[in-house]
Amino acid sequence: MSANTTTDIHIIGQGSIGALLSVNALLQGFHVKHYIKSSALQHPPVNVRWLDEQTYGLSQGTLLSEQETLSGIVIIPVKAYQVAQVLAELSPRLACDATIVLLHNGMGSIELAQTLFPQHVIIAATTTLAGFKRDNIVTHTAWGETQAGIVSDHKTSLHKTIIDQVLPSVTWHADILPSLFTKLAVNCVINPLTALLNVPNGDLSSTHLHDDIHVIINEVIGVAQAKDVHLNVTEVIDTVFNVIDATRNNFSSMHQDIAHGRKTEIEHINGYIVNVGHEFGVDVSRNQALLENILALKKPVNFSID
Ligand code: KPL
């Protein structure tokens, strides 16, 4: 695995997506550095079981605070509630030619990144690259596709061709917001419903849930519209049901978070819709109920994904 470019790839966090991207970038010969939080230092380094069943061991990551300056491409595939902290930690140590790639569920980080990094190139992306992490093993389950768009372009550096190699099947959009709101609709439906009903994604195709799913989606579309993002209702509904079908045997990340007693991303998913809905006077009562139900949810005794 020798470096094929002088551009460094920095990957923040070693959840499933971070670990999968690290392996993919290493396999392409990039110089990759990955970063972990201090609590992860007590755990053994991550092993990645790739789709072709090969296993790759990643080296122990570095603490972000130990890195002087980061230049090149900085990919941030962390939980939505960790993004603000990561951006704050990056703020004193990002070289001016670095490109930031935001890659997480939920919304709300673009504005923060633009405020903290007014001079940097910022890319927002969403991917269907998939895997799950159990102990220190990440299992790769789908190669997936990526939708990406530049949300701040200062022409100082643009690493598009490298991002094309590091992220799976990238489609570039002049306006990425419709893709991000569509993914938000997918997450607003699948994540809380699977967690509350304690079911795999596929069970949401049951016809008795259709009306409820339509209400949730319509509220997301109303909020997008208030932000001047115009989505086609039928296309969003089709996308949500296609994802339910394509991931029918998987447990959503929110189901897994609840099952493992971890914090969920609900405040950045349905919570984002509720906040913006209230700001613009859009009815978001169904998303609000989902937010409240998830926040109140205690892990049920029989709640298991094993
Ligand atoms: O992104 C996901 C998640 O679980 O967070 C979906 C698309 C719902 C797949 O499970």
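Computed from a predicted structure; not experimentally measured.

### Overview of the pattern of salt bridges
Here the structure, examined in full by the defined rule, presents 4 salt bridges. A salt bridge links arginine 248 to aspartate 245, with the nearest nitrogen and oxygen atoms 3.1 Å apart. On the basis of relative accessibility, which here comes to 42%, the residue aspartate 245 falls in the partly exposed class. For the salt bridge of aspartate 257 with arginine 262, the shortest nitrogen-to-oxygen distance reads 3.0 Å.

### A word on empty space enclosed by the protein
Applying the stated criterion across every chain, the model contains 2 cavities of 30 Å³ or more. Computed from the structure, the largest cavity encloses a volume of approximately 90 Å³. In terms of lining residues, the largest cavity is bounded by Leu102, Leu103, His104, Gly106, Met107, Gly108, Ser109, Ile110, Ala124, Ala125 and Leu180. In this model, the second largest cavity occupies a volume close to 50 Å³. Looking at the second largest cavity, the residues that line it are His104, Asn105, Gly106, Met107, Thr126, Leu180, Lys183, Leu184 and Asn187. Considering every element that reaches the lining of the second largest cavity, the biggest residue donor is helix 5 (residues 177-197), with 4 residues. For the lining of the second largest cavity, the class distribution of residues is 3 nonpolar, 5 polar and 1 charged.

### Describing the sheet that holds strand 3 (residues 47-49)
Strand order in the open sheet formed by 4 strands is 4-3-10-9, and the pairing between neighbours is mixed. The open sheet is flanked by strand 4 (55-57) and strand 9 (130-134), the only strands paired with a single partner. Strand-to-strand twist across the sheet, computed as the mean angle between neighbouring axes with direction ignored, equals 20°. Both strand 3 and strand 4 contribute to a ladder of 3 bridges, which runs antiparallel. Residue pairing across strands places valine 48 opposite tyrosine 56, the latter belonging to strand 4. Sitting on the sheet, helix 1 (residues 16-27) is in contact with strand 3, strand 4, strand 9 and strand 10 (137-142), with an inclination near 115° to strand 9.

### A closer look at the side chain of asparagine 191
With respect to the helices and strands, the residue asparagine 191 is situated in helix 5. In contact with asparagine 191, not counting residues within four places along its chain, are Asn105, Val186, Ser252, Ser253, Met254 and Ile269.

### Some remarks on unusual backbone geometry
The backbone phi angle of glutamate 53 is positive, close to 75°, even though this residue is not glycine. Tracing the backbone shows glutamate 53 in the loop between strand 3 and strand 4. When its relative accessible area of 68% is taken as the criterion, glutamate 53 is described as exposed. Positive phi is not limited to glycine here, since aspartate 135 has a value of about 55°. Along the chain, aspartate 135 falls in the loop between strand 9 and strand 10.

### So, the sheet that holds strand 5 (residues 62-63)
Across the sheet, 8 strands lie side by side as 5-2-1-6-7-8-11-12; this open sheet has mixed pairing. Sheet topology places strand 5 and strand 12 (170-172) at the edges, where each strand pairs with a single neighbour. Summarising the sheet, strand 1 (residues 8-12) and strand 6 (residues 73-76) pair through 3 bridges and their orientation is parallel. Residue pairing in the sheet places histidine 10 in a bridge with valine 74 of strand 6. Sheet strands in contact with helix 1 are strand 1, strand 2 (31-36), strand 6 and strand 7 (99-103), and its direction is about 165° off that of strand 2.

Conventions used here
Residues numbered from 1 in each chain as written. Predicted model: local features only at pLDDT ≥ 70, side-chain atom pairs only at ≥ 80, totals over all residues. Heavy atoms only, no water. Salt bridge = Lys/Arg side-chain N within 4 Å of Asp/Glu carboxyl O. Buried < 20%, exposed > 50% of the residue type's maximum accessible area, 1.4 Å probe, protein only. 1 Å grid on protein atoms, 1.4 Å probe; cavity = no way out; pocket = protein on both sides within 12 Å on 5 of 7 lines; lining within 4 Å. Points joined across faces, edges and corners; volume = space filled by probe spheres on them. Helix = DSSP H or I, 4+ residues; strand = E, 2+ residues; numbered from the N terminus. Nonpolar A, V, L, I, M, F, W, Y, C, P; charged D, E, K, R; others polar. Pairing = 2+ DSSP bridges. Axes fitted to C-alpha atoms, helices over the stretch in contact; angles between N-to-C directions. Contact = heavy atoms within 4.5 Å.

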